[in-house]
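Fold and geometry: a report
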Number of protein chains: 2
Amino acid sequence: MNVVHQRGETVAKQRITIEDVARAAGVSRQTVTRAMNDMAEIRSETRQRVLEAAEALGYRPSRFASNLASRQRSHAIGLVIASFRNPYYTELAAEVLDVATARGWQVVVCSREQGTDLELISTLAGQVDAIFGYFVTPDQTALAAAARGVPVVMFERTAAVPGLHSVDLDFEQGIEALLTELRNRGASRFGLIESDAATDPNPYQPTQRRRAYEKLAGAHSLDSIVVAEESMRGGAEGFQRLWNASPGLDAVLVFNDLMAMGAVHGAHTLGVSIPADVRIVGIDGLSLGSVTTPSLSTLSIDRLAVAKTAADIVDTLLEAHDAGPHEPIVRTVTPQPLWRESA
Amino acid sequence: MNVVHQRGETVAKQRITIEDVARAAGVSRQTVTRAMNDMAEIRSETRQRVLEAAEALGYRPSRFASNLASRQRSHAIGLVIASFRNPYYTELAAEVLDVATARGWQVVVCSREQGTDLELISTLAGQVDAIFGYFVTPDQTALAAAARGVPVVMFERTAAVPGLHSVDLDFEQGIEALLTELRNRGASRFGLIESDAATDPNPYQPTQRRRAYEKLAGAHSLDSIVVAEESMRGGAEGFQRLWNASPGLDAVLVFNDLMAMGAVHGAHTLGVSIPADVRIVGIDGLSLGSVTTPSLSTLSIDRLAVAKTAADIVDTLLEAHDAGPHEPIVRTVTPQPLWRESA
DNA sequence: TTGAAAGCGCTAACAG
DNA sequence: CTGTTAGCGCTTTCAA
């Protein structure tokens with residue numbers, strides 16, 4: 001048994017393969033596979049010997065080779081959230097993980113802080129079978145191209161080109177419900193604290209939330225809009241700016257709960273009383289909103305519904321073995337007001 | 001050119017391979033590779049034709065095959081956090097993602113809510129090159145076995161068997177600093193709200209945090225310990241139980257910031273004034289702690305340091321091409337008090 | 001119970 | 001610029 005191998009003793013740091021283990025244990029590759037994968041047709045002595053050889057050599061099977069060779073491929077999806085520092089996104093990630101796990105899918109999570117939309121999609125496309133995410137690049141054709149055939153489900157946006165799909169949110173309906181109730185409660189002069197970051201690194205553009213507000217809050221409310229950094233600090237700072245600029249405000253809608261928590265804090269600092277002097281409403285429905293003083297009223301987004309809807313789209317896509325990119329599948333989830341103390 | 005292929009026309013729903021695209025475009029496989037991967041040596045007409053054929057067929061390269069064939073393998077790590085619903089863990093995940101991205105690694109994130117330690121490690125071991133995570137299974141030998149040679153870096157725990165490594169936290173030092181300053185501020189009768197969930201699904205066992213408290217807080221403080229659910233609600237409920245059971249308390253340490261925010265809220269509900277009646281201190285150092293009223297003092301954990309340390313361990317491991325599991329590498333990070341208003 | 005052969009689908013190295 | 005030839009490391013037939 002004096003086989004000359006191409007990778008002779010001159011080559012250093014070669015990967016340890018199943019072949020090395022087989023040779024060390026004095027068995028065939030197939031027997032090593034049987035031992036490593038706890039298969040039936042093997043004598044336990046042999047298994048033992050193989051396992052020891054494998055451990056001694058520090059053998060680790062190549063996940064690529066085994067997935068390639070085995071009929072039963074594992075599925076994986078990529079998830080791109082906007083940030084890990086906003087609980088809304090991580091709670092959505094939690095829901096996506098739950099629905100994915102139930103289907104036996106792996107999830108690769110990243111955030112937009114780690115690269116441009118196109119970079120992230122392009123990298124993920126080589127690693128996963130479908131991509132979910134918050135993508136803000138206006139050019140949908142470019143997004144689809146970067147995905148190289150891997151289906152993409154976008155959140156809070158409407159897909160318009162083949163290969164892209166979406167789970168959008170109906171803010172018009174949600175914000176209308178919110179404003180109606182605020183009016184019932186006596187509010188009439190509205191303000192908005194808008195996020196500056198949603199389209200970063202592109203120039204600022206009005207968000208869906210702002211556009212819905214502008215359409216529904218009444219003409220006099222268009223002057224009471226401030227754009228602030230998308231963070232708690234930004235919310236606090238934005239509130240102070242808004243409060244000073246717009247006397248007579250009695251209700252403020254804030255881009256998201258994180259900023260709204262900051263706004264509540266900012267109002268506190270200013271000695272403004274909530275909800276007596278001004279009502280504050282966030283958007284997202286974070287459970288954390290219940291610990292501010294007063295607790296935060298909000299337009300709650302059903303994260304589980306969003307995750308499930310996205311997963312259903314992918315189910316449909318994976319079953320449909322058609323040729324070519326699939327026409328967009330577009331679904332919508334409607335946020336619902338959640339009344340606590342701040343409004 | 002009348003090659004008979006095994007997978008003939010009878011087989012349905014076969015995967016579309018590079019070969020199919022090559023045939024459709026009337027070129028070789030290699031040319032398809034060149035077109036798909038934007039390589040240089042190809043005429044743009046040809047590239048165009050291939051790309052069209054690929055799109056028409058709905059071709060998607062197999063990530064397993066391409067990773068197997070290409071010299072430049074991609075690295076991936078798995079990260080198991082305890083929960084996506086506690087910002088501490090997601091902020092740690094954010095840091096891990098940052099350091100991983102900087103090294104060109106992919107990250108597969110999951111949470112302990114999705115399976116047992118052994119299941120998660122076993123699944124991840126087939127998908128990634130190293131595993132980071134919060135694992136509570138007492139039997140380290142079993143953990144190492146489940147990892148099948150993939151190095152594991154455990155958080156908040158000390159590795160003791162080959163193949164496992166750890167980034168531990170020095171709570172004794174941190175809590176000592178905390179108690180010393182609390183005493184300086186006039187506190188003398190301490191209480192603790194401990195988490196019940198840290199060792200789930202195993203029977204409850206005292207956490208590192210509790211053991212450090214018990215060692216340092218003084219004999220009379222041993223009676224003032226309540227075990228509560230690891231959530232904001234649990235923190236509120238725990239505080240009320242503790243407050244009723246232990247008159248005369250003047251400082252309460254809470255297992256983590258999430259529970260501490262609940263405790264602050266619970267105290268509020270009870271009409272207990274903070275910090276006048278009782279000082280409350282959390283552990284974690286969440287920025288969210290700044291929006292409670294009063295804002296939360298805490299023992300802050302440097303999440304970036306934890307993430308970096310874990311990544312460094314893996315760097316070391318990947319370079320050291322030794323045979324067999326590596327002896328444990330153990331590192332420690334020391335939490336630091338962060339004083340805000342609640343204490 | 002074990003081994004030998006034949007791929008999985010792709011890319012690298014070379015020819016042409 | 002394009003095609004041919006070898007593998008990557010593993011699992012699956014199928015024989016022995």
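Residues numbered from 1 in each chain as written. Chains lettered and ligands numbered in written order. Predicted model: local features only at pLDDT ≥ 70, side-chain atom pairs only at ≥ 80, totals over all residues. Heavy atoms only, no water.

Labelled according to an unreviewed UniProt entry, chain A appears under the name LacI family DNA-binding transcriptional regulator, originating from Streptomyces atroolivaceus.

**Here's the deal with the domain arrangement of chain A**
As a measure of interface size, the accessible area lost when the parts come together is often cited. Assigned domains of chain A: these are domain 1 (18-59), domain 2 (74-169 + 304-333) and domain 3 (171-300). Using C-alpha coordinates to define each centre, domain 1 of chain A is positioned 63 Å away from domain 3 of chain A. (Domains from an automatic or database assignment.)

**What to know about the packing of helix α2 (residues 29-36) of chain B against helix α3 (residues 44-57) of chain B**
Two quantities define a packed helix pair, namely the angle between the helix axes and the distance between the axes. Residues and elements named next belong to chain B. Contact geometry of α2 with α3 gives a least axis separation of 9 Å together with a crossing angle of 90°. Taken together, the axis directions place α2 and α3 in an arrangement best described as roughly perpendicular. Here Thr31, Val32, Arg34, Ala35 and Met36 of α2 lie close against α3, whose contacting residues are Thr46, Arg47, Val50, Leu51 and Ala54. Among the residues making up the contact of α2 with α3, the classes are represented as 6 nonpolar, 2 polar and 2 charged. (Axes fitted to C-alpha atoms, helices over the stretch in contact; angles between N-to-C directions. Helix = DSSP H or I, 4+ residues; strand = E, 2+ residues; numbered from the N terminus. Parallel < 35°, antiparallel > 145°, perpendicular 65-115°, else oblique. Contact = heavy atoms within 4.5 Å. Nonpolar A, V, L, I, M, F, W, Y, C, P; charged D, E, K, R; others polar.)

**A look at the protein's contact with DNA strand D**
Of all residues adjacent to DNA strand D, which total 30 residues, the nearest are A:Ile18, A:Gln30, A:Tyr59, B:Thr31 and B:Thr46. When the atoms of DNA strand D within 4 Å of the protein are sorted by group, sugar and phosphate make up 58%. At a separation of 3.3 Å, a base oxygen of DNA strand D approaches a polar backbone atom of B:Ala69. Where the surface near DNA strand D is concerned, the elements lending two or more residues are α2 (29-36) and α4 (63-69) of chain A together with α2 and α4 (63-69) of chain B. Considering each element in turn, the surface near DNA strand D owes the most residues, 4 residues, to α2(B). Here the surface near DNA strand D is built from residues that sort into 9 nonpolar, 13 polar and 8 charged. (Near = heavy atom within 4 Å. Polar contact = N/O pair within 3.5 Å; in protein donor to acceptor, adjacent residues only side chain to side chain.)

**A look at the protein's contact with DNA strand C**
Taken together, 28 residues sit near DNA strand C, with A:Thr31, A:Thr46, B:Ile18, B:Gln30 and B:Tyr59 positioned nearest. Sugar and phosphate atoms represent 59% of those atoms of DNA strand C found within 4 Å of the protein. One of the side-chain nitrogen or oxygen atoms of A:Thr46 is found 2.6 Å away from a phosphate oxygen of DNA strand C. Separating a phosphate oxygen of DNA strand C from a side-chain N or O atom of B:Asn37 is a distance of 3.0 Å. When residues of the surface near DNA strand C are traced back to their parent elements, those giving at least two are α2 and α4 of chain A together with α2 and α4 of chain B. Per element, the largest residue contribution to the surface near DNA strand C is 4 residues, and it comes from α2(A). Here the surface near DNA strand C is built from residues that sort into 9 nonpolar, 12 polar and 7 charged.

**Structural notes on the relation of the copies chain B and chain A**
Once turned by 180° and shifted 0.1 Å along the axis, chain B lies on chain A with an RMSD of 0.1 Å. Both copies are brought into coincidence by an operation consistent with a two-fold rotation axis. In this assembly, 98% of the residues forming the interface of chain B have copies in chain A that are likewise at the interface, indicating an isologous arrangement. (Least-squares fit on C-alpha atoms with pLDDT ≥ 70 in both.)

**Brief notes about the packing of aromatic side chains**
Using the criterion set out here, one finds 10 aromatic pairs over all chains in the structure. Between the aromatic rings of B:Tyr88 and B:Tyr89, the centroid separation amounts to 5.5 Å while the plane-to-plane angle is 75°, which identifies the pairing as edge-to-face. Look at B:Tyr88 and you get buried, because its relative accessible area is 2%. Ring geometry for B:Phe239 against B:Trp243: centres 5.6 Å apart, planes inclined by 15°, an arrangement best described as stacked. With B:Phe239 and B:Trp243 both in helix α10 (residues 232-245) and 4 residues apart, this pair spans about one turn of that helix. Members of the aromatic cluster, each reached through a chain of ring pairs, are A:Tyr88, A:Tyr89, A:Phe132, A:Tyr134 and A:Phe155. (Phe/Tyr/Trp six-rings, centres within 6.5 Å; stacked < 30°, edge-to-face > 60°. Buried < 20%, exposed > 50% of the residue type's maximum accessible area, 1.4 Å probe, protein only.)

**Observations regarding unusual backbone geometry**
A cis amide bond, omega 0°, links A:Ile274 with the succeeding residue A:Pro275. Along the chain, A:Pro275 turns up in the loop between α11 (257-270) and β9 (279-284). Residue B:Glu156 is not a glycine yet carries a positive backbone phi of 55°. Its location among the elements puts B:Glu156 in the loop between β4 (152-155) and β5 (164-169).

**Description of the environment of A:Ala125**
Residue and element names in this part refer to chain A. Tracing the backbone shows alanine 125 in helix α6 (residues 117-125). Relative accessible area serves as the criterion here: at 10%, alanine 125 is assigned to the buried category. Setting aside residues up to four positions removed in sequence, alanine 125 forms contacts with Ile131, Ala146, Ala147, Arg148 and Val150.

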